[in-house]
Structure formats: C-alpha cells, structure tokens
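# Structural overview
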Amino acid sequence: MSEEVFKKVVSHCKEYGFVFTSSEIYDNGLGAVYDYGQNGVELKNNLRQYWWKFMVQMHDNIVGLDAAIFMHPKTWKASGHIDGFSDPMIDNKDSKKRYRADNLLEDKIAKYQKDGNTNKADELQNALDAALLANDLAQLKTLIEQHEIACPISGTRNWTDVRQFNLMFSTEMGAMAEDADKIYLRPETAQGIFVNFLNVQKSGRMKIPFGIAQTGKAFRNEIIARQFIMRMREFEQMEMQFFVRPGTQKQWFEYWKEARLKWHLALGFDKDSYRYHDHVKLAHYADAAVDIEFDFPFGFKEVEGIHSRTDFDLKSHQDLSGKKMQYFDADLDENGKPYGNYIPYVIETSIGLDRLFLYTLCASYKEEEVGEGDKKDTRVVLALPPILAPYKVAIFPLTKKDGLPEVARKIIDDLKFDYNCFYEEKDAIGKRYRRQDALGTPFCITADHESLENQTVTIRHRDSMLQERIPIADIKSILDKAISWKDILSK
Ligand code: ATP
C-alpha cells in the first residue's frame with residue numbers, strides 16, 4: 001500500500017465517522033490528539049474486546065484491573081519516569097521549531113544510505129549510538145553541526161543546545177494553589193498494575209505464574225507527532241504484566257512472544273505484514289525485549305512490545321514505599337524445599353490500541369473494480385473480520401412505504417439484543433449497499449414487497465456482493481454462524 005492510499009484511509013476515517021481531529025473547529029484542532037467517531041468507537045471497542053477476551057477470558061491465570069490515571073507521584077520516581085523518561089530536543093532559533101536531536105541524525109543517516117554513502121551512514125550511526133548510550137547531549141549537538149544538518153523549515157543551522165525534555169504531562173492536585181502538589185498523567189498503564197500486585201494476588205489468591213491485564217489511556221508529550229493516530233499525545237494502551245518465578249523469565253518471554261504474534265495473525269491479514277524486531281539496546285530494566293511490527297504504508301513500525309522487565313519495578317516500589325512486594329511460593333524446588341519468599345520477575349506485553357486500529361483499517365481498506373461496461377465502477381470496502389465490524393448487519397426497506405419500514409424495524413427488534421444493527425430507508429438500494437461496504441458491514445438485508453407475501457428477504461454479502469433470498473426466520477442463525485468470537489479466538 002502506498003503513501004497515497006494511506007492518505008485515502010485518513011480521509012476515509014473522517015468521511016465515515018471513524019476518527020476526527022480533536023476540537024477541529026479551533027485552528028484546525030489540537031496537535032496529535034484525536035477523537036473516535038460513531039463508527040470508530042465501535043471498531044475500537046471490538047478490538048479492545050478481542051484483546052480482553054484473549055488475555056483475560058481465555059487464560060484462567062490472568063485477571064483484569066482498572067487502575068486510575070492519576071497515581072501517587074512517587075510511583076513515577078520509582079519507575080524511573082521522572083528522571084529518565086525524556087527525549088533529547090534541539091530548537092532552530094530562526095524557525096523556532098523543535099526537533100528530536102536523534103531523529104535529525106537518523107534522517108541524515110537515511111539520506112547517506114539513499115545516496116549510496118554507506119561508510120558515512122555507518123560512521124554516523126555508531127557515533128549516534130555511542131552518544132545516546134552515554135547520554136552525551138553536547139556530542140549530539142556536535143554531530144548535528146559536523147554533519148551540517150539544517151532545519152527543514154528555515155534552512156539554517158542556527159541551533160540551540162540539546163536539552164532533555166520530559167515526556168510526562170503534569171498537573172496539580174488540590175483546590176488551593178499553595179497546597180498544590182504536582183502530579184502526572186500516567187505515561188503507561190503498567191505502573192497501576194505493579195502497585196496493585198499484592199492487592200490482586202492476595203484478594204484473588206493468585207498463584208505464580210499469573211498475570212494482570214488492563215486497558216486505558218496513557219499520555220505522552222510527544223514532540224514529533226506524525227502519521228495520524230500512530231503517534232498521539234493521548235492514546236490507549238492494553239498491557240499485561242505476567243508475574244513469574246525468577247529464573248523462568250526466558251521461557252515465559254518466549255511463550256508470550258509467540259502467543260502475541262499468533263493473536264495478531266488470527267485477525268486474518270497477510271502474515272507477511274508482521275515481523276519481530278529484537279531490541280539490541282535494552283532499557284535499564286529489561287533483560288530481553290522484542291517488538292511486533294506491522295508493515296504500515298510508511299514502513300514497518302512497532303505495534304506491540306514484549307519485555308522481560310526482571311524484578312525492576314516491584315523492587316523499586318518496595319524500596320521507595322517501604323512496603324514488601326514479595327510473594328510466598330509454597331511449591332517445592334528440586335531439593336524438596338519451598339521456593340519461599342521472593343520478588344517475582346515480570347514479562348510484559350504492551351500494545352497500543354490506536355496503532356492496532358490503524359493497521360486494521362490499513363489492512364482492510366480496499367478499492368475494487370466492480371461491474372462491467374457502462375456500469376464499471378470502483379467500490380471502497382473495508383474487509384474487516386465480521387466480528388470487528390462496527391455494524392454487523394444493515395436492514396433496509398426497499399421503499400419508505402407499503403409497510404416495508406415496519407417489516408425492517410421488526411427484524412431489527414429481533415436482532416438488536418445480539419447485534420449492532422443499522423437502519424436506513426433513504427436513497428437507492430445500491431447506494432445504501434456501498435455506504436455499508438465503506439463501513440465494513442458484513443451483511444445487508446433488504447425487505448421488499450415479496451417479504452410481505454412470503455416472509456423472505458434478500459441478504460447481501462459484503463465481500464462477494466452475492467445476494468440470496470432467505471426466510472426472515474433464518475436471519476439470526478445465519479448471522480450466528482458467520483459472526484463469532486470463537487472463530488478468531490480459537491485460531
Ligand atoms: P515508540 O518507540 O514508537 O515511541 P515506545 O517503544 O515508546 O514506542 P512503549 O513504551 O513500549 O512504546 O509502549 C507500548 C506501546 O504503546 C507501543 O508499542 C505503541 O503501540 C503504543 N504507543 C506508545 N507511544 C504511543 C503514542 N505516542 N501514540 C500511540 N501509541 C503509542
């Protein structure tokens with residue numbers, strides 16, 4: 001899929017009520033913040049449910065949690081976010097534009113590569129890696145100067161020094177300004193799980209290995225926000241922390257690495273669109289990490305991370321809070337002795353719901369040539385897995401009169417407890433079908449005059465566009481067969 005088709009996907013999102021720019025009426029909206037429209041919210045809910053069902057319902061040793069967005073500020077001290085969650089930034093004094101210093105250098109490396117200048121590309125890559133590893137901000141600026149990188153807007157090389165810029169949003173808690181305490185909007189959902197580890201373990205009598213799963217908003221003050229909902233300042237994560245016995249983390253890391261890719265593949269999109277990307281440089285808390293990447297129109301990009309986080313988080317919380325974060329393991333080791341007390345190790349799976357949403361749309365969006373001769377036309381169809389479609393079925397009366405709307409309404413009254421149904425009576429039937437194709441609705445049902453006589457309707461299939469006559473009494477069982485969680489969850 002080309003960049004051009006990506007532009008079409010983005011405009012499709014707006015035109016068909018999937019995604020809108022936040023507060024767009026004011027100065028074209030707020031940067032890198034988006035709202036999900038009437039169809040987007042349905043698709044997003046379904047994707048979230050797909051994750052939840054797989055992680056929580058399908059694993060009897062994983063339970064859910066819904067922790068608050070606000071957390072005690074010490075949480076972020078312990079997790080390392082106050083001291084370490086930052087990007088190196090540089091400003092151009094003429095254009096007043098701010099850039100990530102490492103991105104400017106990466107773009108230069110890409111340019112060297114494109115020009116066939118591999119030696120220079122390698123040399124700069126090594127220098128960049130070394131500067132980042134040593135957290136040497138002065139060296140980053142030197143590299144930008146040495147390689148004569150200019151601001152893409154002003155074209156000048158009039159740069160400020162490189163500074164660290166923390167990505168956490170902060171606000172104050174408390175009614176009085178003088179009592180105000182600085183608190184943060186969580187940059188990840190994981191910490192809500194760590195601080196509740198013992199609450200859940202004890203109240204749920206959980207035995208290791210076990211997991212806690214949660215979905216929810218996270219906030220990051222991303223400087224360079226681009227590619228639509230790929231990089232947002234307010235986004236949603238779906239994370240699971242799996243607590244294991246120390247020494248078994250490698251085996252569980254492999255288990256989750258495989259299980260998570262399988263979950264993506266079960267959506268039924270092209271398997272070549274996915275790949276693993278192993279982390280060579282590991283975060284300070286990790287002893288193994290891999291990303292699952294999807295082949296977006298702008299290249300392979302991270303959608304999910306699987307991280308072996310050791311006991312870093314629980315240990316830091318224990319140290320800073322003074323509360324024990326230990327688990328008593330009564331199972332016996334090879335010497336017949338209980339494993340006893342320890343701080344569990346953790347395997348984390350962390351996926352961005354918005355990125356999942358974006359790739360689902362990119363992979364489903366199709367423009368197809370249909371019809372012949374004068375009737376040749378292009379139709380836009382979202383070939384979504386039926387269970388994820390915002391509407392499962394659209395019901396149309398062929399005309400607005402003769403009692404046909406009543407027949408259609410009656411069918412909806414039967415189906416609406418189980419399925420999200422769409423009703424429409426305006427426009428020619430062909431036009432109505434096309435609008436449903438663009439939303440990904442797997443079935444359309446039309447009631448016509450024959451329906452009044454023999455209680456049958458036409459059912460039209462989204463992908464094949466085939467139409468058949470069926471008894472009204474059979475609709476529910478046809479939908480039940482074609483639309484089920486079991487289909488993708490048992491793959
Ligand atoms: P990136 O390298 O792309 O910034 P990350 O490595 O910082 O991502 P994690 O901290 O591992 O990401 O977060 C886990 C997941 O959360 C990511 O795989 C991604 O799907 C999602 N995510 C992270 N940042 C954003 C964002 N700004 N907008 C949308 N989704 C995000």
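To be clear, the structure that these remarks concern was listed above.
Residues numbered from 1 in each chain as written. Predicted model: local features only at pLDDT ≥ 70, side-chain atom pairs only at ≥ 80, totals over all residues. Heavy atoms only, no water.

### So, the overall build of the protein chain
Heads up, the rule is: Numbering of helices and strands runs from the N terminus, with a helix taken as a DSSP run of H or I at least four residues long and a strand as a DSSP run of E at least two residues long. Categorising residues by exposure relies on relative accessible area from a 1.4 Å probe, with only protein chains included: less than 20% of the type maximum marks a residue as buried, more than 50% marks it as exposed, and the intermediate range marks it as partly exposed. Residue contacts are defined here by distance: any two heavy atoms, one from each residue, within 4.5 Å place the two residues in contact. Accessible areas in this description were obtained via Shrake-Rupley with a 1.4 Å probe; residue shielding takes into account the shown protein chains only.
A tally of regular secondary structure across the protein chain gives 17 helices and 23 strands. For the protein chain, the residues scored as buried account for 50% of the 491 residues in total. For the protein chain, restricting intrachain contacts to residue pairs at least 6 apart in sequence, the fraction spanning at least 24 positions comes to 64%. For the protein chain, the exposed area adds up to about 24,400 Å²; of that, 49% sits on carbon and sulfur atoms.

### Focus on the sheet that holds strand β11 (residues 274-278)
Short version of the rule: At least two DSSP bridges between two strands are needed for those strands to be called paired. Lines fitted to C-alpha atoms define the axes, with helix axes restricted to the stretch in contact, and inter-axis angles between N-to-C directions lie between 0 and 180 degrees.
Across the sheet, which stays open at both edges, the seven strands sit in the order β3-β9-β10-β16-β13-β12-β11 with mixed pairing between neighbours. The open sheet has two free edges, formed respectively by β3 (62-64) and β11, since each of these has just one partner strand. Sheet twist, expressed as the average angle between the axes of neighbouring strands with direction ignored, equals 25°. As paired elements, strand β9 (residues 210-219) and strand β10 (residues 234-244) share 10 bridges and run antiparallel to each other. Residue pairing in the sheet places Phe219 in a bridge with Glu234 of β10. The strands that helix α12 (residues 353-364) touches are β10, β11, β12 (288-296), β13 (299-308) and β16 (345-352); relative to β16, the one it contacts most, it runs at about 50°.

### Observations concerning the site of the ligand
The following threshold applies: The rule for a residue being near a molecule or strand is that one of its heavy atoms must lie within 4 Å of it. N or O atoms closer than or at 3.5 Å make up a polar contact, with two conditions inside protein: a donor-capable atom paired with an acceptor-capable one, and, for residues adjacent in sequence, both atoms drawn from side chains.
Close contacts around the ligand come from 14 residues, with Glu222, Arg231, Met232, Glu302 and Val303 the closest. With respect to the ligand, the side chain of Arg355 contributes an N or O atom lying 3.1 Å from an oxygen atom. Those elements that provide at least two residues to the shell around the ligand are β10, β13 and β16. For the shell around the ligand, the leading source of residues is β13, giving four residues.

### Structural notes on the packing of helix α2 (residues 40-57) against helix α10 (residues 249-265)
To keep it simple, the criterion reads: For a crossing to be left-handed, the near helix must be turned anticlockwise from the far one by less than a right angle; the clockwise case is right-handed. In this count, Pro and Cys sit with the nonpolar residues alongside Ala, Val, Leu, Ile, Met, Phe, Trp and Tyr, while Asp, Glu, Lys and Arg are called charged and the others, Gly among them, polar.
At a closest axis distance of 12 Å, the pairing of α2 and α10 adopts a crossing angle of 140°. Read as a crossing pair, α2 and α10 show a hand that is right-handed. On α10, the residues that touch Tyr50, Trp51, Phe54 and Met55 of α2 are Trp256, Ala259, Arg260 and Trp263. When grouped by side-chain class, the residues that make up the contact of α2 with α10 number seven nonpolar, no polar and one charged.

### A closer look at the packing of aromatic side chains
The geometry of an aromatic ring pair is captured by the separation of the ring centres together with the interplanar angle, meaning the angle of the planes. For clarity, the threshold we go by: When two rings of Phe, Tyr or Trp (its six-membered ring) have centres within 6.5 Å they constitute a pair, described as stacked for plane angles under 30 degrees, edge-to-face for angles over 60, and tilted for the intermediate range.
Under the defined criterion, the tally for this structure stands at 25 aromatic pairs. Considering the side-chain rings of Phe197 and Phe243, the 4.6 Å spacing of their centres and the 40° angle between planes classify their relative orientation as tilted. With a gap of 46 residues between them, Phe197 in helix α9 (residues 197-203) and Phe243 in strand β10 connect regions that are remote in the sequence. On the basis of relative accessible area, Phe197 is assigned to the buried category, the value being 0%. Both rings, one in Phe294 and one in Tyr359, keep their centres 4.1 Å apart while their planes meet at 10°; by these two values the pair is stacked. In this pair, Phe294 is assigned in strand β12 and Tyr359 in helix α12, connecting sequence segments 65 residues apart.

### Quick word on the environment of Ile429
Within the element layout of this structure, Ile429 appears in helix α14 (residues 429-439). For Ile429, a relative accessible area of 21% translates into the label partly exposed. In sequence terms Ile429 and Phe396 are 33 residues apart; their C-alpha atoms lie 7.9 Å from each other.

### Details of the sheet that holds strand β23 (residues 467-471)
Across the sheet, which stays open at both edges, the five strands sit in the order β20-β19-β21-β22-β23 with mixed pairing between neighbours. Unpaired on one side and paired on the other, β20 (421-423) and β23 mark the two borders of the sheet. Across the sheet, the mean angle separating the axes of adjacent strands is 25° when strand polarity is ignored. Relative to β23, strand β22 (residues 456-461) runs antiparallel, the two sharing five bridges. Residue pairing for β23: Val457 is matched across the bridge by Ile470. The strands touched by helix α13 (residues 404-415) within the sheet are β19 (393-397), β20, β21 (443-447) and β22, with β19 carrying the most contacts at an inclination of about 160°.

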